[in-house]
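# Coordinate analysis (summary)
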Amino acid sequence: MARVYQELEQVLPTLSKAVYSQPADVLAAPKVTVRPLVIKGRPCYQMETFKDNKAYHKNLEAEELLLLAERELEGRYRQVLLVSGRESAQYVLRQRGDYKKSSSSPSLPRPGGPESHNRTKEYILREGENIPALVDLGIFTPDFKIVRSRYDKYKQINRFIELVDQELKDYPGGEISILDFGCGKSYLTFILYYYFGVKRGLEARIIGYDLKADVVENCNRIAGKYGYDRLRFEKADVSCDLLSQEHIDMVVTLHACDTATDFALDYALRHGVKYIFSVPCCQHEINSSIHKGGQLDILLQHGIIRERVCALLTDSIRTAVLQSRGYEIDVIEFIDFEHSPKNIMLRARYTGKERRKSLEQALELKEKYGFSQKLLELQYPEKT
Ligand SMILES: C[S@@+](CC[C@H](N)C(=O)[O-])C[C@H]1O[C@@H](n2cnc3c(N)ncnc32)[C@H](O)[C@@H]1O
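Residues numbered from 1 in each chain as written. Predicted model: local features only at pLDDT ≥ 70, side-chain atom pairs only at ≥ 80, totals over all residues.

### Here we look at the domain arrangement of the chain
Considered domain by domain, the chain is made up of domain 1 (4-106) and domain 2 (152-383). Once you take the C-alpha centre of each, domain 1 and domain 2 turn out to be 28 Å apart. Of the residues lining the interface, six residues belong to domain 1; the matching set on domain 2 comes to five residues. Of the residues assigned to the side of domain 1 that touches domain 2, the class counts are two nonpolar, three polar and one charged. (Domains from an automatic or database assignment. Contact = placed C-beta atoms within 7 Å. Nonpolar A, V, L, I, M, F, W, Y, C, P; charged D, E, K, R; others polar.)

### Some words on the sheet that holds strand β10 (residues 231-235)
By way of backbone hydrogen bonds, the strands of a sheet pair with one another, either parallel or antiparallel. What the seven strands build is an open sheet, ordered β10-β9-β8-β11-β12-β14-β13; its pairing is mixed. Taken across any chain shown, the strands that pair with only one partner, and hence form the sheet edges, are β10 and β13 (327-333). Strand-to-strand twist of the sheet, defined as the mean angle between neighbouring strand axes without regard to direction, takes the value 15°. Note that strand β11 (residues 250-254) and strand β12 (residues 275-279) share five bridges and pair parallel. Paired with V251 across the strands is I276, a residue of β12. (Pairing = 2+ DSSP bridges. Helix = DSSP H or I, 4+ residues; strand = E, 2+ residues; numbered from the N terminus. Axes fitted to C-alpha atoms, helices over the stretch in contact; angles between N-to-C directions.)

### Quick word on the packing of helix α4 (residues 151-167) against helix α5 (residues 187-199)
Contact pair α4 / α5: the axes reach a minimum separation of 10 Å and the direction vectors enclose 45°. Of the possible angle classes, the one that applies to α4 and α5 is oblique. Here α4 runs over α5; the crossing is right-handed. Residues K153, I157, F160 and I161 of α4 pack against Y187, L188, I191 and Y195 of α5. Looking at side-chain class alone, the contact of α4 with α5 contains seven nonpolar, no polar and one charged residues. (Parallel < 35°, antiparallel > 145°, perpendicular 65-115°, else oblique. Left-handed = near helix turned anticlockwise from the far one by under 90°.)

### Comments concerning helix α2 (residues 62-73)
Buried residues of α2: L65, A69 and L73, and no others. Projection of α2 onto a plane perpendicular to its axis shows the buried side chains occupying an angular sector of 40°, all on one side. Along α2, exposed side chains directed more than 90 degrees from the buried face belong to E63 and R71. Phi turns positive one or two residues past the end of α2, at G75, with a value near 80°. (Buried ≥ 20, exposed ≤ 12 C-beta atoms within 10 Å, placed from the backbone. Arc of directions from axis to C-beta.)

### Examining the site of the ligand
The environment of the ligand is formed by 20 residues, the closest being G182, G184, L254, C257 and A260. Mapped onto the shell around the ligand, the elements with two or more residues apiece are α5 and β9 (203-210). Looking at the shell around the ligand, its residues break down into 11 nonpolar, five polar and four charged. (Near = placed C-beta within 6 Å.)

### A few points about the pairing of strand β5 (residues 77-84)
Extensive coverage of β5 is indicated by the burial of six of its eight residues. Relative to β5, strand β1 (residues 15-23) runs antiparallel, the two being bridged by seven bridges. Bridging across to β5, A18 finds its partner in L82. Pairing of β5 with strand β6 (residues 87-93), which is carried by five bridges, proceeds in the antiparallel orientation. Note that in β6 the partner of V80 across the bridge is Y91.

### Side note on α5
The buried fraction of α5 is high, at 10 of 13 residues. Listing the buried residues of α5 in full gives Y187, L188, T189, F190, I191, L192, Y193, Y194, Y195 and F196. Elements in contact with the buried residues of α5: α3 (132-136), α4, β8 (175-181), β9, β10 and β11. Looking one or two residues beyond α5, the residue adopting positive phi is G201, at roughly 65°.

Rendered as structure tokens:
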């Protein structure tokens, strides 16, 4: 029997992240994330809550956090992840109200900690590199050191750029035009602009789309501040608004919520976009529409397994649709599970060779298990 708030108290001195997800209570926010932070030299913990696609922040002292964890979070979330210097541990809520530790793995060395000399990985974007927009976005300190609590984000964008770099090594000079769907605070968008414009010396033209007017406004302000005149952000709902009608070479998505990823992939297919880099997230659509119907029923019996199977099925169907439309795909582990559980990247390039076998299998599964999958419906309305 485990009480998560007591486990949290134990690991608090080396906590790097706590995530409460899958609310068991309709009034609870969909997700709560806690990270350590230093404000004006004082350590504290920042609690981030998502509601209606918007993030809200609250800074707490250690005692306040523990009290809140005990009184307001305990028992209200089906899953809790605690990542600390000791381990990365996952807890699952049991029916009787306590938690079961469902998995744990020893932590990897992190920067700033005693083991940081083990960190041998050479990133494309190095700590100390003069990337001022990263300071505005809170990833770098003013002297270009990584902000400790943003290390996961730094790792993610570096990995993204690494995978783009591998694919576009031989991209000829000149121009490149990119759309980022669901760009949010736009760490990746700014970095893509920096990577192509400054490091590769290309004429990069990038548009980031997001639903949230305030983040779009802030990103445009930062782009203006550094004279990034070919980088702009637009408030748009990518599922229904009119998006760029100009030639686009690359579409990217990084954790664009649920079906926003499908609208990005659909855009790419309809506009003959050559390169796609997509790291999907929260694939709820199949999970909420699938019913039992055959040999795969065993995979649908238990909530966690069902959720993971549905997420993998979603990405398998997206892959099949892309292949059927002439794209070659790599399905790549984007980042260690410890840094983000949303860790699959679909990397695609148009070759014109259309493969339909997996699509037929996907349609058969859809017929049998009755689920909805947005990309399949957008691309093959007559068959769905
Ligand atoms: C989890 S955030 C990821 C942000 C960013 N790509 C990153 O990785 O830091 C997902 C973003 O997608 C945006 N989003 C979700 N649905 C959208 C839609 N239909 N159209 C435009 N943006 C959308 C949300 O507003 C949110 O900022």
